[in-house]
Amino acid sequence: MGRLEKDMRMEVATMWEAFSSFAREVIGVEAKTLIKSWFEPMLSEIEAVEDTLGVAEMNAEKLEEYGSTLRRLWSELVP
């Protein structure tokens, strides 16, 4: 696997984990359930890379940053 591919897998896995945690902890639903109800056409794209997401490394710093950003934006939109 090339460096670019590894970096992309890490980025996607990190974003997905941040979104999944946000969905479970803040909204109270699984991420795929939220995607299905919010933007169903995207679900097949996520499922196509789902196996890769489980084995990719994550960037802990970006995971925290993305999670914080999601929570901040949510609190601004839904007081």
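Note that this is a predicted model, so its numbers are computed, not measured. (Residues numbered from 1 in each chain as written. Predicted model: local features only at pLDDT ≥ 70, side-chain atom pairs only at ≥ 80, totals over all residues. Heavy atoms only, no water.)

### Comments concerning the nonpolar core
So, step 1. Core analysis: the biggest nonpolar cluster contains eleven residues, these being Ala13, Trp16, Phe19, Ala23, Ala31, Leu34, Ile35, Leu43, Ile46, Leu53 and Ala56.
So, step 2. Those elements giving two or more residues to this core turn out to be α1 (3-27), α2 (31-39) and α3 (43-55).
So, step 3. Element by element, the count of residues in this core is highest for α1, at four residues.
So, step 4. Ignoring anything within four residues of it in the chain, the contact list for Ile46 reads Trp16 and Ile35. (Core = buried A, V, L, I, M, F, W, Y, C linked by side-chain atoms within 4.5 Å. Buried < 20%, exposed > 50% of the residue type's maximum accessible area, 1.4 Å probe, protein only. Helix = DSSP H or I, 4+ residues; strand = E, 2+ residues; numbered from the N terminus. Contact = heavy atoms within 4.5 Å.)

### Notes on the packing of α1 against α2
So, step 1. Relative to each other, α1 and α2 sit at 90°, their axes nearing to 8 Å. In terms of orientation, α1 and α2 fall into the roughly perpendicular class. Each of Trp16, Phe19, Ser20, Ala23 and Ile27 in α1 lies in contact with α2, whose residues at this interface are Ala31, Lys32, Leu34, Ile35 and Trp38.
So, step 2. Per-class residue counts for the contact of α1 with α2 are eight nonpolar, one polar and one charged. (Axes fitted to C-alpha atoms, helices over the stretch in contact; angles between N-to-C directions. Parallel < 35°, antiparallel > 145°, perpendicular 65-115°, else oblique. Nonpolar A, V, L, I, M, F, W, Y, C, P; charged D, E, K, R; others polar.)

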